[in-house]
Amino acid sequence: MKQKKKKKNRLLSNIILAVSLGVFVVAGFQLVRIGKGYQDGRKEYKEIEKAATEEKKDKNDEEKFTVDFEKLAEMNPDVIGWLRFDPEPSVINYPIVQGKDNQEYLHRTFSKTENGLGAIFLNVDNASNFKDSHSIIYGHRMKDGSMFRHLQDYEKQTFWKKNPLFYIYTPKGRVLTYRIYGVGEVIDASDTYNTFFADKKAYQEFLDMTRKEALYETGVKVRTSDRVVTLSTCTKSSDNHRFVVHGVLEKEESIEE
């Protein structure tokens, strides 16, 4: 009896060991697959940046950042802009696309390759020329630091003071400069994501709300005649929380100026 019991115990131990090893192998494979996905996605975006952007001197001998939208359009006709921070967070330096809905680029890169990094994309209901009162740009918060991960650097007011601007370059040769007036954490069903306003009063209520939800006061004035862009990403808090950065259009100029 004792010998049979020992055999049963040994068999059970072997089964548990085999199952544990199987789980370990599968988990290891998943980690490798995810890591490779991150690596492939980062490589793609670096290649795009290298192929379609450059710093060159203008007629005043000043360095200007330029984007080759013809080349980008050959890669993906859904391209509608380029988002850049300067000086920081410099990692946010990506093309912007607009899909047929807000799901298309959640798990597809700029080249439409299936990848967890996804793409930086404009809300489907917004005008692609950023002429709406409120436009929304989405991007993932990746653990490897890519895409919109470093938006959350703006949780600290000291970081905002050093880096208060972001820029959108358009296929029409325009550079839109936005001054960040508010940052905060909201839920995904928040009125922060409204893009249609019946009148100026409704738009003013929206602007007031974004200030009220902000983590700190910036002192940047925003009027109902202004255009606003919100950058949105997920957070580590929960699946239905989002971190948002609101910028008001401060200047629009030609790249050739």
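Residues numbered from 1 in each chain as written. Predicted model: local features only at pLDDT ≥ 70, side-chain atom pairs only at ≥ 80, totals over all residues. Heavy atoms only, no water.

S.K.: Teacher, can you tell me more about the pairing of strand β7 (residues 165-169) here?
M.R.: Moving residue by residue along a regular strand, the side chains alternate between the two faces of the sheet. When you tally the buried positions in β7, you get five out of five residues, the bulk of the element. Alternating positions in β7 separate into two faces, Leu165, Tyr167 and Tyr169 on one and Phe166 and Ile168 on the other, with burial throughout. Bridge count for strand β3 (residues 79-84) against β7 is three bridges, and the pairing is antiparallel. Note on β7: the bridge partner recorded for tryptophan 82 is tyrosine 169. Summarising the sheet, β7 and strand β8 (residues 174-187) pair through five bridges and their orientation is antiparallel. Opposite phenylalanine 166, over in β8, you have tyrosine 178 as the bridge partner. Counted along the chain from β7 to the antiparallel partner β8, the turn is four residues long, and its residue glycine 173 has a positive phi close to 80°. (Buried < 20%, exposed > 50% of the residue type's maximum accessible area, 1.4 Å probe, protein only. Helix = DSSP H or I, 4+ residues; strand = E, 2+ residues; numbered from the N terminus. Pairing = 2+ DSSP bridges.)

S.K.: Whenever I open this one, the pattern of salt bridges confuses me. Can you help?
M.R.: Once their charged atoms are close, side chains differing in charge can pair, the charge on each being opposite to the other. Scanning the model with the defined rule gives 16 salt bridges in all. Between glutamate 104 and lysine 112 there is a salt bridge, with the nearest N and O atoms lying 3.7 Å from each other. Classification of lysine 112 by relative accessible area gives partly exposed; the value is 39%. A salt bridge links glutamate 114 to arginine 108, with the shortest nitrogen-to-oxygen separation between them at 3.5 Å. Through salt bridges with shared partners, a single ionic network connects Asp78, Lys100, Glu104 and Lys112. (Salt bridge = Lys/Arg side-chain N within 4 Å of Asp/Glu carboxyl O.)

S.K.: Just to check I follow, could you spell out the environment of threonine 230 for this structure?
M.R.: Here threonine 230 is to be found in strand β9 (residues 228-234). With residues near it in sequence (within four places) discarded, threonine 230 still touches His134, Ser135, Ile136, Ile137, Val244, Val245 and His246. Polar contacts involving the side chain of threonine 230 include one to the side chain of histidine 246, which spans 2.7 Å. (Contact = heavy atoms within 4.5 Å. Polar contact = N/O pair within 3.5 Å; in protein donor to acceptor, adjacent residues only side chain to side chain.)

S.K.: Can you walk me through the pairing of β9 in this structure?
M.R.: Counted residue by residue, β9 has six buried out of seven residues, so it is predominantly covered. Pairing between strand β6 (residues 134-138) and β9: five bridges, direction parallel. Across the sheet, tyrosine 138 pairs through a bridge with serine 232, a residue of β9. Here seven bridges tie β9 to strand β10 (residues 241-254), and the two strands are oriented antiparallel to one another. From the neighbouring strand, threonine 230 faces β10, where its bridge partner is histidine 246. Linking β9 back to β10 in an antiparallel pair, the connection comprises six residues.

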